[in-house]
Amino acid sequence: MKKLFICRHAKSSWSFDLDDVDRPLGNRGRRDVLRVGQYLRDYQIKKPDLILTSPASRAFYTALFLADHWEYKEDKIMLEQRLYHGTSDTITQLLSEQADHESIAIFGHNPGFSELTYHLSGGKTDEMPTGSIVGLEFPVSNWSSIGHTNGKIFFSIYPKKL
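Keep in mind that what you see is a predicted model, and the values were worked out from it rather than measured.

Reading guide: rules and limits
- Residues numbered from 1 in each chain as written.
- Predicted model: local features only at pLDDT ≥ 70, side-chain atom pairs only at ≥ 80, totals over all residues.
- Heavy atoms only, no water.
- Buried < 20%, exposed > 50% of the residue type's maximum accessible area, 1.4 Å probe, protein only.
- Helix = DSSP H or I, 4+ residues; strand = E, 2+ residues; numbered from the N terminus.
- Pairing = 2+ DSSP bridges.
- Contact = heavy atoms within 4.5 Å.
- Axes fitted to C-alpha atoms, helices over the stretch in contact; angles between N-to-C directions.
- Phe/Tyr/Trp six-rings, centres within 6.5 Å; stacked < 30°, edge-to-face > 60°.
- Lys NZ or Arg CZ within 6 Å of the ring centre and 35° of its normal.
- Parallel < 35°, antiparallel > 145°, perpendicular 65-115°, else oblique.
- Left-handed = near helix turned anticlockwise from the far one by under 90°.
- Salt bridge = Lys/Arg side-chain N within 4 Å of Asp/Glu carboxyl O.

A word on the pairing of strand β5 (residues 133-138)
Within a regular strand, side chains alternate between the sheet's two faces. Most of β5 sits inside the fold, with 6 of its 6 residues counted as buried. Burial along β5 is two-sided: the face carrying I133, G135 and E137 and the face carrying V134, L136 and F138 are both buried. Taken together, the 6 bridges between strand β1 (residues 2-8) and β5 define a ladder with antiparallel strand orientation. Looking at the pairing, C7 lines up with I133 of β5.

This is the structure:
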């Protein structure tokens, strides 16, 4: 059984004249990610074996904050360029390359993440708001076997639910 946490970055700030990749978390984003992290801790959502994140500042810092709540070591977080505005197909390919992990959390962006959750769950998800996490389980033994429609949602949270 493989578990995938699809984590859309928390709300970013538009207060600075920066390139998209450098846009930081905004006040609401920082507040929301802490609330989601506390939820993960309170409900004992088991930490993933691997965290992969887009190199965009807002995704990276979302991953750092949630890694703290999961007690996942910061130096084990891996930056992955393909998660920066990657398509559903690109992200599925990236996941198929991960061999030694039972559970993975990925941090990134829309529209790719909403498309990915929609396809992997067989259409059982809607648009992912900022700061949301969807957990999917796959009845497979390796990541290259995950595909469209074979994921079952076991967890879903977004800040406005809290």
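Side note on the sheet that holds strand β6 (residues 152-157)
Where strands meet in a sheet, backbone hydrogen bonds hold them as pairs that are either parallel or antiparallel. Ordered by their spatial adjacency, 6 strands build an open sheet running β3-β2-β4-β1-β5-β6, and the pairing between neighbours is mixed. Among the strands making up the open sheet, the edge pair consists of β3 (78-79) and β6. Relative to β6, helix α1 (residues 27-42) is tilted by about 125°, and along the sheet it contacts β5 and β6. Sitting on the sheet, helix α4 (residues 112-120) is in contact with β1, β4 (103-108) and β5, with an inclination near 150° to β1.

Quick notes on the packing of aromatic side chains
Per the counting criterion, the structure on display carries 8 aromatic pairs. Summarising the aromatic geometry, the rings of Y39 and F155 are spaced 6.1 Å apart at their centres and angled 35° between planes, so their arrangement reads as tilted. With a gap of 116 residues between them, Y39 in helix α1 and F155 in strand β6 connect regions that are remote in the sequence. Judged by relative accessible area, F155 falls into the buried class, the value being 6%. Three or more aromatic residues joined by ring pairs form one cluster here, namely F5, Y39, Y43, W70, F154 and F155. Against the face of F154 rests K3, its NZ or CZ located 4.8 Å from the ring centre.

Considering the packing of helix α3 (residues 88-96) against α4
Relative orientation of the contacting elements α3 and α4 amounts to 70°, with a least axis distance of 8 Å. Viewed along their axes, α3 and α4 adopt a mutual orientation that is roughly perpendicular. Like other packed secondary-structure pairs, α3 and α4 cross with a definite hand, here right-handed. For the pair α3 and α4, the contacting residues are S88, I91 and T92 in the first and G112, F113, E115, L116 and H119 in the second.

Describing the pattern of salt bridges
This model, assessed by the stated rule, comprises 8 salt bridges. As a salt-bridge pair, D20 and R58 come within 3.1 Å of each other at their nearest N and O atoms. Separated by 38 residues along the polypeptide, D20 in the loop between β1 and α1 and R58 in helix α2 (residues 57-70) bring together distant segments of the chain. R58 gets classed as buried once you look at its relative accessible area, which sits at 2%. Each member of the salt-bridge network shares a partner with another, and the members are D20, R23 and R58.

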